[in-house]
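This is what each chain is made of:
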Amino acid sequence: MHLDGSTADGGNGGDGRGGVDVSAAWGRVKRRLRAELGEDVFASWFARLELEEVSGGVARLTVPTRFLKSWIESHYIDRVLTTFRAEAENIGRIEVGVRGASAPARPAPSAGKPSPTSGPLTRLHATATQAALQGPGPMVETEIAVPRGDAGVDLNGAPLDARLTFASFVVGRSNALAHAAAERIARNDGEGALYNPLYVHAGVGLGKTHLLHAAGHAAREAGRRVIYLTADRFMYGFVNALKTQSALAFKEKLRAIDLLILDDVQFIQGKSIQTEFGHTLNALIDSGRQVVVASDRPPTELETLDERVRSRLAGGLVVEIGNLDEGLRTSILSARLAAVRQSHPNFEVSPQVSAYVARAITANGRDLEGAVNRLLAHATLTGAPVTVETAESAIRDLVKNREPKRVKIEDIQKLVASRYNVSRSDILSERRTAAVVKPRQIAMYLSKVLTLRSLPEIGRRFGGRDHTTVLHAVRKIEKQIGEDAVLGDEVELLKRMLQD
Ligand code: ADP
Ligand code: MG
């Protein structure tokens, strides 16, 4: 976090301290919001709100989605400002941004339409049902007209991205099952719901959202009524419906669809919302509507949801998308390159460069997309052909981020020493008191598992000890970790601290 509390506080708070500790103030702001708004509201809208920086009297906050941003801006911005000011008086304004926003902004067809609302309760012409299903005024998401259904009422799901179709989805070993299930469901006509719900889970960037959008497009093309919602949307729809007393109408509306697609369900939280989520799910599934959900974890690990909801989610077909193997990465990459070439015919990437990128970027599809954008930027800016060497430097940070960090033995010794209140020279010394022996052994163990150093080398770095001493320490700690969960956690924590 970058904090700049000292430059611009002018006459404000001229106590010579150059401003308050903004970070601590922000912690208090969050606690106050939680206390004042209640746990449910806080968990839904503020839990993921973070302070990025304060500069020139402007506090810049971030959230993970555009949806949260517009919701906070339209409903809570004054509240946040007032609360923040009470803790740090030099804050004059609040800005909310989207973390890691790199996707190009989509045109927003509904943005220009007059929508003079300041909140869900003041929406003018909407019926209760519409109010329950439509976004707040300032939102700039496309509203989707349902192809058939009652009297042209818009159901306000999130828009489907036109690029994310089955045609552009590359099938490989790790996603074949998820793909087959999604396709089967999307193209299903009249067989009733198959595996219901279909639950797809995978780590970030492995194609969940792509697959969900693809299923949405295909089902819509087949004339079926589809709503795609993110968890945020679902929660918004619900909170809003509760406020306008039309929860029933909202549920009725959801039941009037053929396919409900819900992305990122791991974000659903809040007691009343998850209860209603459970009801909605039951109602849809029991009436034979197809439900497809995606999450970053299996149903059993959705800690914010209660047991019944979890088991309902697990009760259909649960499929995991595994890591992209090199073959799949290569295909995704060439598909992407081909797509980019349509608008940039001069953009040439040799097979060698493709192979390099597909090998270097192992983590996920999002980084592959990022890599293509870097290469394109490089090619357009320099006009020079992309070589393996230029590719290497263009994508260096994408690659580097993924490599496990190299840990130094010296850093291990320092961290472990400070954690156990001894000095690094104690660890290197001959002393054999328990207070020193234990941290020493832990440090040796960590040196063995976090570095590529040999046992004799580690011994030398620990005050010239024999390699058998190191081996003994490693075995001993390994054994203790297995028996003592507290120690296990402790060592795990040390590992993480050393690695990031
Ligand atoms: P997730 O929702 O699992 O985090 P996304 O669906 O957003 O991941 O995928 C991240 C990026 O990788 C997107 O640009 C997506 O199009 C691409 N991608 C992932 N898997 C595939 C695939 N099998 N075929 C084509 N593109 C893919
Ligand atoms: Mg996603």
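Residues numbered from 1 in each chain as written. Chains lettered and ligands numbered in written order. Predicted model: local features only at pLDDT ≥ 70, side-chain atom pairs only at ≥ 80, totals over all residues. Heavy atoms only, no water.

1. So, the side chain of D263
Here is step 1: Mapping D263 onto the fold places it in strand β7 (residues 259-263).
Here is step 2: Within the buried set, D263 has no salt-bridge partner at all; the shortest N-O distance to an opposite charge, 6.5 Å, is to K208.
Here is step 3: Beyond its immediate stretch of four places on either side in the chain, D263 contacts T209, L212, Y228, L229, T230, A231 and A294. (Helix = DSSP H or I, 4+ residues; strand = E, 2+ residues; numbered from the N terminus. Buried < 20%, exposed > 50% of the residue type's maximum accessible area, 1.4 Å probe, protein only. Lys, Arg positive; Asp, Glu negative; His and termini not counted. Salt bridge = Lys/Arg side-chain N within 4 Å of Asp/Glu carboxyl O. Contact = heavy atoms within 4.5 Å.)

2. Looking at the environment of F42
Here is step 1: Its location among the elements puts F42 in helix α2 (residues 39-46).
Here is step 2: Considering only alpha carbons, one finds F42 and R31, 11 residues apart in sequence, at a separation of 9.5 Å.
Here is step 3: With residues near it in sequence (within four places) discarded, F42 still touches K30, L33, R34 and A47.

3. Details of the sheet that holds strand β8 (residues 290-295)
Here is step 1: Here 5 strands make up an open sheet; going across it, the order is β6-β7-β8-β5-β9 and the pairing parallel. Every other strand in the sheet has two partners, leaving β6 (226-230) and β9 (317-320) as the edge strands with one partner each. Strand after strand, the sheet turns through a mean of 15° between neighbouring axes, direction not considered.
Here is step 2: With 4 bridges joining them, strand β5 (residues 198-201) and β9 adopt parallel strand pairing. Within the sheet, the bridge partner assigned to Y199 lies in β9 and is V318.
Here is step 3: The strands touched by helix α6 (residues 176-187) are β5, β7, β8 and β9; relative to β5, the strand with the most contacts, the crossing angle is about 145°. (Pairing = 2+ DSSP bridges. Axes fitted to C-alpha atoms, helices over the stretch in contact; angles between N-to-C directions.)

4. Topic: the pairing of strand β3 (residues 58-63)
Here is step 1: Burial analysis of β3 places 5 of its 6 residues in the buried class, which makes it a mostly covered element.
Here is step 2: Joining the antiparallel neighbours strand β2 (residues 50-55) and β3 is a turn of 2 residues, in which G56 adopts a positive phi near 55°.
Here is step 3: Relative to strand β4 (residues 93-98), β3 is paired through 6 bridges, and the arrangement is parallel. What sits directly across from R60, in β4, is E95.

5. Focus: the side chain of D258
Here is step 1: Among the secondary structure elements, D258 is positioned in the loop between α9 (247-255) and β7.
Here is step 2: On the accessibility criterion, D258 (15% relative accessible area) is buried.
Here is step 3: Within the structure, the side chain of D258 is placed 2.8 Å from the backbone nitrogen of R225, a separation counted as a polar contact. (Polar contact = N/O pair within 3.5 Å; in protein donor to acceptor, adjacent residues only side chain to side chain.)

6. A few points about the site of ligand 1
Here is step 1: Near ligand 1 you find 18 residues, and of these G205, T209, H210, R366 and E369 are the closest.
Here is step 2: Within the backbone of L206, a nitrogen or oxygen atom sits 3.3 Å from an oxygen atom of ligand 1.
Here is step 3: In the complex, 93% of the free accessible area of ligand 1, which totals 560 Å², lies under the protein chains.
Here is step 4: If you list the elements that add at least two residues to the shell around ligand 1, you get α7 (208-221), α12 (326-343) and α14 (365-382).
Here is step 5: Grouping the constituent residues of the shell around ligand 1 by class yields 6 nonpolar, 8 polar and 4 charged. (Near = heavy atom within 4 Å. Areas by Shrake-Rupley, 256 points an atom, 1.4 Å probe, with all protein chains shown as cover. Nonpolar A, V, L, I, M, F, W, Y, C, P; charged D, E, K, R; others polar.)

7. With respect to the UniProt feature "binding site: ATP" (unreviewed entry) in the protein chain
Here is step 1: In the numbering adopted here, UniProt assigns the feature "binding site: ATP" (unreviewed entry) to G205, G207, K208 and T209.
Here is step 2: Along the polypeptide, G205 turns up in the loop between β5 and α7.
Here is step 3: Excluding anything up to four places from it in sequence, G205 contacts N364, G365 and R366.
Here is step 4: Tracing the sequence through the fold places G207 in the loop between β5 and α7.
Here is step 5: Given the relative accessible area of 17%, G207 is considered buried.
Here is step 6: If near-sequence neighbours (up to four positions away) are discounted, G207 is found in contact with F169 and I321. (UniProt positions renumbered as here; feature names shortened; annotations may be inferred.)

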